[in-house]
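Here's the letter readout for the chains.
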Amino acid sequence: MIGVVVAIREELTDFFSENEFVPDKLYSNDQTIYTSALISNVALIESGMGKTNAINATNKLINLLQPSLIISAGFAGSVKRQVMPGTSYLCDNLWSIQGSPAFWSKDIAERTNVMDENRAVNFNKFISDSDLKIQLGSCMTVDQFIYNHDLKTWIGNNFSVDVIDMESYWVSQTAIENNVESAVIRVVLDPMEQKLPPFIVEAANNKRSRTLISGLKHIAANPGDLKKILQISIQVKKSRRILGSTLQAIIESDILPMSETVNMA
């Protein structure tokens, strides 16, 4: 069994739809587990954003389904210049820096490695033999949504990381603590140079703010944000499509343990 943890279900809408994932009634509560008849040994859970949600969701998958591999999949922000939306990373090194950015320093950061040498070799062979545009990278997990250009720049200048998110480090750490292998797939939504409008940040944190009505209300009150929101919408669609195809390709590939390779119907 492969378990996939995604913070926001909408990040994997295409993957959910193509594989006909539905909520599993056996495991229904605030963190929903989804299963599919088309890909029966993959289960997904929508964790919600942040450390606590990521840890709880990963523990739930492990306790209920005993997966041999946990994948943290989702969007991320780039901390490197001139990285386009839709750029995909399989992160082998993970970093975490906790607390308020006002107190960040290199001394308080934690680091872990989630990919051994054999899997790295298999991954490099996989991308050389396929048309999938993905690369090895590093991810830093932080406690809050970072949309500020200056903070992204500081992280990129001080750490050997490519992207930032809010869950991957904790998903992988929880898997490691339970002797379960882990992997991290991150697709860039917002480049380092882009500052996301507050409405987008609110929508990421609050399910109620993701509705069309909420979006129309915001546009009515802030017509100047319309161009930004349309741009973000295009980026979301592109990143969602690439994240879904990347996840599907990696699940089907031989970089995972052979016992976990599945046949997509």
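It should be emphasised that the depicted structure is a prediction, and the values quoted were computed from it without experimental measurement.

**Overview of the packing of aromatic side chains**
Working step 1: On inspection of all chains with the given rule, the structure shows seven aromatic pairs.
Working step 2: Centroid distance Trp154 to Phe159: 5.8 Å. Interplanar angle 65°. Geometry classified as edge-to-face.
Working step 3: Taking the relative accessible area as the measure of exposure, Trp154 reaches 27% and is therefore partly exposed.
Working step 4: Grouped by ring-pair contacts, the aromatic residues Phe15, Phe16, Phe21 and Tyr34 constitute a single cluster.

**Focus on the state of the cysteines**
Working step 1: Overall, the coordinates contain zero disulfides when judged by the stated rule.
Working step 2: In this model Cys91 remains outside any disulfide bridge; the closest cysteine sulfur is found in Cys139, 4.7 Å from its own.
Working step 3: Looking at Cys91, the relative accessible area reads 1%, which means it is buried.

**Structural notes on the environment of Leu90**
Working step 1: Within the secondary structure, Leu90 is located in strand β6 (residues 88-96).
Working step 2: Measuring from C-alpha to C-alpha, the distance between Leu90 and Val184 comes to 5.7 Å, with 94 residues separating the pair along the chain.

Each value, and the rule that gives it
Sequence order as written defines residue numbering, which begins from 1 separately in each chain. Totals for whole chains, interfaces and linings use every residue, but because this is a predicted model, local features are given only for residues with pLDDT of at least 70 and side-chain atom pairs only at 80 or more, for both listing and counting. Side-chain calculation: all heavy atoms of the structure are included, whereas hydrogens and water are not. Any two of the Phe, Tyr and Trp rings considered here, Trp counted by its six-membered ring, make a pair once their centres fall within 6.5 Å; the pair's planes then place it as stacked at under 30 degrees, edge-to-face at over 60, or tilted in between. Under the scheme applied here, a residue whose accessible area is under 20% of the maximum for its type counts as buried, over 50% as exposed, and between as partly exposed, the area being computed with a 1.4 Å probe on protein chains only. Count a disulfide wherever a pair of cysteine sulfur atoms falls within 2.5 Å. Put simply, DSSP H or I for four residues or longer makes a helix, DSSP E for two residues or longer makes a strand, and each gets a number counted from the N terminus.

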